[in-house]
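# Commentary on secondary and tertiary structure
Each chain, letter by letter, is given below.
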Amino acid sequence: MRSTSDYLLDNQQPEAGERFDLLARMFNSGTFRRIESLGITAGWRCWEVGAGGSSIPSWLAQQVGPDGEVLATDIDVRWLSGDGFQVRHHDVAADPAPGAGFDLVHARAVLTHVPGRDQALSTMIAALRPGGWLVLEDVDPGLQPLSCPDEQTPEHRRANRLRQGFRTLLTHRGADVAYGRTIPRRLNEAGLTDVQAEAYFPLSSPDCAALEAATIRLIRNDLITDNLATADEIDAHLRYIATDPGQFATSAMVTAWGRKK
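First things first, this report covers the structure right here in the doc. Positions within a chain are numbered from 1, following the residues in the order the chain's sequence is written. Local features in this predicted model are restricted to residues whose pLDDT is 70 or higher, and side-chain atom pairs enter the listing and the counts only when it is 80 or higher, whereas totals over whole chains, interfaces and linings include all residues. The side-chain quantities take in all heavy atoms of the structure and omit both hydrogens and water.

Once that is clear, we can look at the sheet that holds strand 7 (residues 252-259). Two strands are said to pair when DSSP picks up at least two bridges between them. Only DSSP runs of H or I covering at least 4 residues are called helices, and only runs of E covering at least 2 are called strands; the numbering of each starts at the N terminus. The sheet built from seven strands is open, its strands ordered 3-2-1-4-5-7-6 with mixed pairing. Each of the sheet's edge strands pairs with one partner strand only, and the pair in question is strand 3 (86-89) and strand 6 (193-200). On average, each strand axis in the sheet is inclined to that of its neighbour by 15°, with strand direction left out of account. Where strand 6 meets strand 7, six bridges bridge the pair, whose relative direction is antiparallel. Note that in strand 7 the partner of Tyr-200 across the bridge is Met-253. Throughout, a contact is declared for two residues whenever any of their heavy atoms are within 4.5 Å. Fitted lines through C-alpha atoms give the axes, limited to the stretch in contact for helices. The angle between two N-to-C directions lies from 0 to 180 degrees. Lying on the sheet, helix 1 (residues 14-37) is in contact with strand 4 (102-108), strand 5 (128-140), strand 6 and strand 7; it crosses strand 4 at an angle near 150°. Helix-sheet contacts for helix 3 (residues 117-126) involve strand 1 (45-49), strand 4 and strand 5, and the interaxial angle to strand 5 is about 145°.

Now the structure itself:
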């Protein structure tokens, strides 16, 4: 099993919890809307893959009630706590599926970062019951590659250089930064039916700026070690985020879903 230290965005760091909270605030409403549209109801069995934090499994548990089942898995479960769902250590790219017959399997911001993403996808599909739904959400930095899409100032240009450095680090750690756009094709190739997809990103919000700051603090040493930024550049960028938080956007989040035959 891989450890979280193998990944650039390491769950062991204190910024990880902040990032989970910010991602939840920015993207949970879309996640919940999509899952609700698929008919989630009392009694469903759900597997939340690479859960990270507790916001999604907690919501799923509320939807399926005491007659349902929610299993939340991750290679590092330190941020997972709450009522109504089970927690298990699990590496979706290396371990067998933790069960079968799930009505819903969901993963957000997982497969982009997992080098064994093809095996992980096969494992998730195998865990579904016939007629069960797979919902995958993953970032695609290539669809929206900039921290500051309206680049007007030297501070904006520096922010966008640092975002490029972030993508370089991700690639060096085995991430596929163009994976999101490929998910609909992959679901179709895997034989799922009723495949659809959409993409969304916040263009400007305080949460975007807070996520930018938390991410830069998390990868600070890697940026410096790989000569992608200096300590002075990073410090200046963090100061700018604090003074002008309305300028920052996130990468696009692609959501794709399909049903197992």
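By secondary structure assignment, the location of Val-49 is in strand 1. Put simply, Val-49 and Leu-228 are 179 residues apart on the chain and 32 Å apart in space, counted from C-alpha to C-alpha.

Stacked, tilted and edge-to-face pairs are distinguished by plane angle, under 30 degrees for stacked and over 60 for edge-to-face with tilted covering the rest, among Phe, Tyr and Trp rings (Trp via its six-membered ring) whose centres lie within 6.5 Å. Within this structure, the stated rule accounts for five aromatic pairs. Both rings, one in Phe-27 and one in Tyr-200, keep their centres 6.0 Å apart while their planes meet at 85°; by these two values the pair is edge-to-face. Of this pair, Phe-27 sits in helix 1 while Tyr-200 sits in strand 6, and the two are 173 residues apart along the sequence. In this scheme, a residue with accessible area under 20% of its type's maximum is buried, one over 50% is exposed, and one in between is partly exposed, where area comes from a 1.4 Å probe on protein chains only. Relative accessible area serves as the criterion here: at 5%, Phe-27 is assigned to the buried category.

A few words on the pairing of strand 7. Burial runs high along strand 7: seven of the eight residues are buried. Bridge analysis of strand 5 against strand 7 gives eight bridges, and the strand direction is antiparallel. Across the sheet, the residue bridging to Trp-133 is Arg-259, located in strand 7.

One can find Thr-123 in helix 3. Once you skip the residues sitting within four places of it in the chain, Thr-123 turns out to touch Trp-47, Val-92, Asp-95, Pro-96 and Ala-97.

Take a side-chain nitrogen of Lys or Arg and a carboxyl oxygen of Asp or Glu: if they are within 4 Å of each other, that pair is a salt bridge. Overall, the coordinates contain 13 salt bridges when judged by the stated rule. With a closest N to O distance of 3.4 Å, Glu-189 and Arg-185 form a salt bridge. On the criterion of helical spacing, the pair formed by Glu-189 and Arg-185 is a turn pair, its members being four residues apart in helix 5 (residues 183-189). A relative accessible area of 57% places Glu-189 in the exposed class.

Okay, unusual backbone geometry next. Positive phi is not limited to glycine here, since Ala-109 has a value of about 55°. Tracing the backbone shows Ala-109 in the loop between strand 4 and helix 3. A positive phi is found at Asn-227, a non-glycine position, where the angle reads about 55°. Summarising the element assignment, Asn-227 is placed in the loop between helix 6 (206-225) and helix 7 (231-243).

Attention now moves to the packing of helix 4 (residues 154-172) against helix 7. Any two packed helices are characterised by the angle at which their axes cross and by the distance between the axes. Helix 7 packs onto helix 4 with a crossing angle of 120° between their chain directions and a minimal axis gap of 10 Å. Note on packing geometry: the crossing formed by helix 4 with helix 7 is left-handed. The segment helix 4 lies against helix 7, with Glu-155, His-156, Arg-158, Ala-159, Arg-161 and Leu-162 engaging Glu-233, Ile-234, Ala-236, His-237 and Tyr-240. Considering only residue class, the contact of helix 4 with helix 7 consists of five nonpolar, two polar and four charged. Handedness of each helix crossing follows the sense of rotation of the near helix against the far helix: counterclockwise by less than a right angle gives left-handed, clockwise gives right-handed. Think of it as three bins: nonpolar holds Ala, Val, Leu, Ile, Met, Phe, Trp, Tyr, Cys and Pro, charged holds Asp, Glu, Lys and Arg, and polar takes everything else, Gly as well.

Along an α-helix, residues three or four apart share an orientation, since each turn contains 3.6 residues. Among all positions of helix 2 (residues 55-64), only Ile-56, Pro-57, Trp-59, Leu-60, Ala-61 and Val-64 are buried. Tucked inside the fold, the buried residues of helix 2 contact helix 1, strand 1, strand 2 (69-74) and strand 4. Backbone geometry just downstream of helix 2 places Gly-65 in the positive-phi region, at approximately 70°.

Turning to helix 3, its buried residues number three or more, namely Arg-117, Ala-120, Leu-121, Thr-123, Met-124 and Ile-125. Check the buried side of helix 3 and you find it contacts strand 1, strand 4, strand 5 and helix 5.

Topologically, Leu-9 is positioned in the segment before helix 1. We classify Leu-9 as buried; its relative accessible area is 18%. Placed 210 residues apart in sequence, Leu-9 and Ile-219 show a C-alpha to C-alpha distance of 7.5 Å. In contact with Leu-9, not counting residues within four places along its chain, are Arg-19, His-113, Phe-166, Thr-215, Leu-218 and Ile-219.

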